[in-house]
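# Examining the three-dimensional arrangement
Each chain, letter by letter, is given below.
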Amino acid sequence: MSTPLLAVENIGRRFGGFVALEGVSASFEPNRVTAVIGPNGAGKSTFFNVLSGVLPPSTGTMRFKGRDLAGTPQHRFAHLGIARSYQITNIFPELSVHENVRIAAQAFRSRYEIWRDRATLTELDDKAAAALAAVGLAHRGSATAKFLAHGQQRALEIAIALVTDPELLLLDEPTAGMGPEETKEMVALIEKLAAERTILLVEHKMKMILGLSDRILVLHHGRLIADGSPQQIQSDPEVRRVYLGQNDGYA
Amino acid sequence: MTLSAQSLDAAPRPLRARLAARRVPLSILALSLLPWILPSEALAVNVLVYGLVAVGYNLLFGYTGLLSFGHAAFFGTGAYVTGIAIGRFDAPLFAALAFGVAAGGALAFVIGLLSIRTRGIYFSMVTLALSQLVYYIALQASSWTGGENGLRGFTVSELNLFGWTVDFLDPVEKYYVIMAFTAAALWFVSRILNSPFGSVIEAIRENETRARACGYDVERTKLISFTLSGLICALAGTLFALHLAIVPLDILHYHTSGMIVMMTLLGGAGSFFGPFVGAFAFLLMEDVVSLWTPHWQIVVGSVFILFVLFLPKGIWGTLMAWRAGR
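A quick note: this is a predicted structure, and the numbers were derived from the prediction, not measured. (Residues numbered from 1 in each chain as written. Chains lettered and ligands numbered in written order. Predicted model: local features only at pLDDT ≥ 70, side-chain atom pairs only at ≥ 80, totals over all residues.)

### Some points on the overall build of chain B
What chain B contains, in helices and strands, is 16 helices and two strands. For chain B, the proportion of its 326 residues judged to be buried stands at 50%. Counted over contacts in chain B with a minimum sequence separation of 6, partners at least 24 positions apart contribute 73%. (Helix = DSSP H or I, 4+ residues; strand = E, 2+ residues; numbered from the N terminus. Buried ≥ 20, exposed ≤ 12 C-beta atoms within 10 Å, placed from the backbone. Contact = placed C-beta atoms within 7 Å.)

Here is the structure:
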């Protein structure tokens, strides 16, 4: 077995006396799609916030490509190759769609260079245009981001994450609030991205997850209760009890 | 504001972009006409100096999105340090200016360091409290600052600019010397806004969480912006000291900070020309209204409230939006 891209061991996170996440261990191989599911309050968002550096874990270790992430500030995660989208659309609303992506690409330049004109950094424009094309927004570059349709804003957020060419892409409910048509487009996009990237996603739409994922992690009350292929998860009695059985299809 | 994105469009560039491309020469042109259109040269110098403070403040408030209520501290420190350097140490003029700017910038760095990690109203309150601390220090250290009477005794009557002597007692000559410094500062601010750094502070203003997730060290960027903003305000302070030949203690009071916020909002936060337009409108109103009533602040305050309620983009911002909407 090769070195996993990301390995977490015994990860836990407390908020005061509340244990949001406890004893989660898992490792993630490159170029796989892994879904994280669980009922509301299961700790999925906390897990994602820990993986993306928003919250430092209270216990446990995280290694990305063998490197210990302890003490790494959040903004360094993007530089290491971990990018994310948020459950609630998180873009630069007043900037143009193009600038939204361009600013993300610019973060990888080492200096601010006050003596330089930002318009001369044309390689950033090329990168931004390529990322927008990859998510199907090439024609909306000059629009102000807040005027995009919801599904397009979600796609824009993925373009923002994608432009830095991350090895690990964390998608927090990429189809939240989307209708069936938009969801279909998003699934197609994720499938396309999955060919050359490691993707972790939180989702509630079971049908979509079962079709898309190579592997599923199930969280319940902050603990990892199951970890396996979609088939294994579907037939796991514990998972059926806490999650699938309650409401078929959607949570 | 992104020239790159606009240049992708085939449509002709809007007025806003055309103005933005020549904003420094246009500002200088407008400023050089001021002494001839305003009732007095003293008022014109005030517009210059307060306009520059507002420009410096706007870098932090309008572009980075941080509402500081303590910018009087940098403005005042620039003025005091320059005055003390000349009056007490007989420092040459340019050295005195440099000391004033450096001291204001250093203070901004320290206050920034202490306040940046707080957010929203707490940030405003921390900056307010720290600047009041500076005020009380100036009040107490009266052997250095002159305390309540202000700092006096450092009149500059002549300025030697590379062999060319300027009579500083002549209001018009004085105006153009101060304008030259202001123009240099405007060019510097325009340079910052045009640079990649300018994109980053705008991104932080728009969405701090996203900027951090993109890989920006938000705290460090804010601190740099805070310090640069303080430097510009300190420069305005040094020019103010040269202009008045006294430094009133009030310059450090939070009233001054409030006035800077008002001017910036009145003109239009987040626009290049806005702060000068705001300073111009504010001081002109003060000048005109105080001729017929000592309660000019009631009138200026009412106008300010109306702007915040109905024209939150300020004079310049509204003008540009109206022009773009036609």
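### Overview of the overall build of chain A
Summing up its helical and strand segments, chain A has nine helices and ten strands in all. Compactness check: chain A gives a C-alpha radius of gyration of 18 Å against a globular reference of 18 Å for 251 residues, within 12% of the reference. When the 251 residues of chain A are sorted by exposure, 44% land in the buried category. Contacts in chain A between residues far apart in sequence, at least 24 positions, make up 69% of those at least 6 positions apart. (Rg over C-alpha atoms; globule rule 2.2 N^0.38 Å.)

### Observations concerning the nonpolar core
Side chains of nonpolar character tend, in soluble globular proteins, to be buried together. Of all hydrophobic cores here, the largest spans 170 residues; its most connected members are Ala 159 of chain A together with Val 53, Ile 232 and Ala 236 of chain B. Per-element accounting of this core gives the leading share, 15 residues, to helix H4 (residues 41-63) of chain B. The contact partners of Val 53 of chain B, leaving out residues within four places of it in the chain, are His 71, Phe 75, Cys 233, Ala 236 and Ile 260 of chain B. (Core = buried A, V, L, I, M, F, W, Y, C linked by C-beta atoms within 7 Å.)

### Considerations on the confidence of the model for chain A
Residues shown with low pLDDT carry predicted positions that ought not to be read at fine detail. Summing up the model confidence of chain A, the mean pLDDT is 91 and the portion of residues at 70 or higher is 96%. Taking the mean pLDDT of every element in chain A, the minimum, 79, falls on helix H9 (residues 237-244) of chain A and the maximum, 96, on helix H3 (residues 97-106) of chain A. (pLDDT = per-residue confidence, 0-100.)

### A closer look at the sheet that holds strand S1 (residues 6-15) of chain A
Residue and element names in this part refer to chain A. On the basis of which strands lie adjacent, the open sheet formed by four strands has the order S2-S1-S4-S5 and antiparallel pairing. Bordering the open sheet on either side are strand S2 (18-28) and strand S5 (67-68), each of which pairs with just one other strand. Docked against the sheet, helix H1 (residues 44-51) engages S1 and S2, running at close to 60 degrees with respect to S2. (Pairing = 2+ DSSP bridges. Axes fitted to C-alpha atoms, helices over the stretch in contact; angles between N-to-C directions.)

### A few points about the sheet that holds strand S8 (residues 198-202) of chain A
Residue and element names in this part refer to chain A. Reading across the sheet, the six strands line up as S6-S7-S8-S3-S9-S10 and stay open at both edges, with mixed pairing between neighbours. Looking at the sheet topology across the chains shown, the edges are occupied by strand S6 (82-85) and strand S10 (223-228). Neighbour-to-neighbour, the strand axes of the sheet open up by a mean angle of 15 degrees, direction not taken into account. As defined by bridge partners, S6 adjoins strand S7 (residues 168-172) across four bridges and the pair is classed as parallel.

### Looking at the interface of chain A and chain B
Tallying the contact residues gives 33 residues for chain A and 27 residues for chain B. Those elements that place two or more of their residues in the side of chain A that touches chain B are helix H2 (74-80) and H3 of chain A. For the side of chain A that touches chain B, the element with the highest residue contribution is H3 of chain A, accounting for five residues. For the side of chain A that touches chain B, the class distribution of residues is 14 nonpolar, ten polar and nine charged. (Nonpolar A, V, L, I, M, F, W, Y, C, P; charged D, E, K, R; others polar.)

### Digging into the packing of helix H5 (residues 72-87) of chain B against helix H12 (residues 218-244) of chain B
The relative placement of two packed helices comes down to the angle between their axes together with the axis-to-axis distance. Residue and element names in this part refer to chain B. Between H5 and H12, whose axes approach to 6 Å, the crossing angle comes to 45 degrees. As summarised for this structure, H5 and H12 are arranged oblique, according to the angle between their axes. The interaxial crossing formed by H5 with H12 has right-handed handedness. Between H5 and H12, the residues in contact are Phe 74, Phe 75, Gly 76, Thr 77, Gly 78, Ala 79, Thr 82 and Gly 83 and Gly 230, Cys 233, Ala 234, Leu 235, Ala 236, Gly 237, Thr 238, Phe 240 and Ala 241, respectively. (Parallel < 35°, antiparallel > 145°, perpendicular 65-115°, else oblique. Left-handed = near helix turned anticlockwise from the far one by under 90°.)

### Some remarks on the environment of Gly 23 of chain A
Residues and elements named next belong to chain A. The topology assignment puts Gly 23 in strand S2. Exposure remark for Gly 23: the 14 C-beta atoms within 10 Å place this residue in the partly exposed category. It is 16 Å that separates the C-alpha atoms of Gly 23 and Leu 6, two residues lying 17 residues apart in sequence. In this view, Gly 23 contacts Asn 10, Gly 12 and Arg 223; residues no more than four positions away in its chain are not counted.

### Section: the pairing of strand S9 (residues 215-220) of chain A
All names here are of chain A. Strand direction decides the pairing type here: strand S3 (residues 33-37) and S9, joined by four bridges, are parallel. Across the sheet, Val 36 pairs through a bridge with Leu 217, a residue of S9. Linking S9 back to S10 in an antiparallel pair, the connection comprises two residues, with His 221 at a positive phi of about 50 degrees.

### Structural notes on the packing of H3 of chain A against helix H4 (residues 122-134) of chain A
Residues and elements named next belong to chain A. Put simply, H3 and H4 touch, their axes get as near as 8 Å, and they point 120 degrees apart. Of the two possible hands of crossing, H3 and H4 adopt the one that is right-handed. Here H3 contributes Val 97, His 98, Val 101, Arg 102, Ala 105 and Gln 106 to the contact with H4, which in turn contributes Leu 124, Asp 125, Lys 127, Ala 128, Ala 131 and Leu 132. Here the residues of the contact of H3 with H4 sort into seven nonpolar, two polar and three charged.

### Some remarks on helix H16 (residues 314-325) of chain B
Residues and elements named next belong to chain B. Under the 1.5 Å per step criterion, the end-to-end length of H16 is 16 Å for twelve residues, consistent within 8% with the ideal 16 Å. Gly 314, Ile 315, Trp 316, Gly 317 and Met 320 are the residues of H16 that are buried. Its buried side turned inward, H16 meets helix H2 (15-21), helix H13 (254-267), helix H14 (274-292) and helix H15 (296-310). (Expected span 1.5 Å × (residues − 1).)

### Focus on the environment of Leu 169 of chain B
All names here are of chain B. Looking at where Leu 169 falls in the secondary structure, it is placed in the loop between strand S2 (164-167) and helix H9 (171-194). Assessed through the 12 C-beta atoms surrounding it within 10 Å, Leu 169 is described here as exposed. C-alpha of Leu 169 to C-alpha of Arg 88: the two residues are 81 residues apart in sequence and 21 Å apart in space.

### Examining unusual backbone geometry
All names here are of chain A. A positive phi angle, near 50 degrees, is found at Lys 65, a position not held by glycine. Mapped onto the fold, Lys 65 is located in the loop between strand S4 (59-64) and S5. The backbone phi angle of His 221 is positive, close to 50 degrees, even though this residue is not glycine. Accessibility expressed as a C-beta count within 10 Å gives 15 for His 221, which makes it partly exposed.

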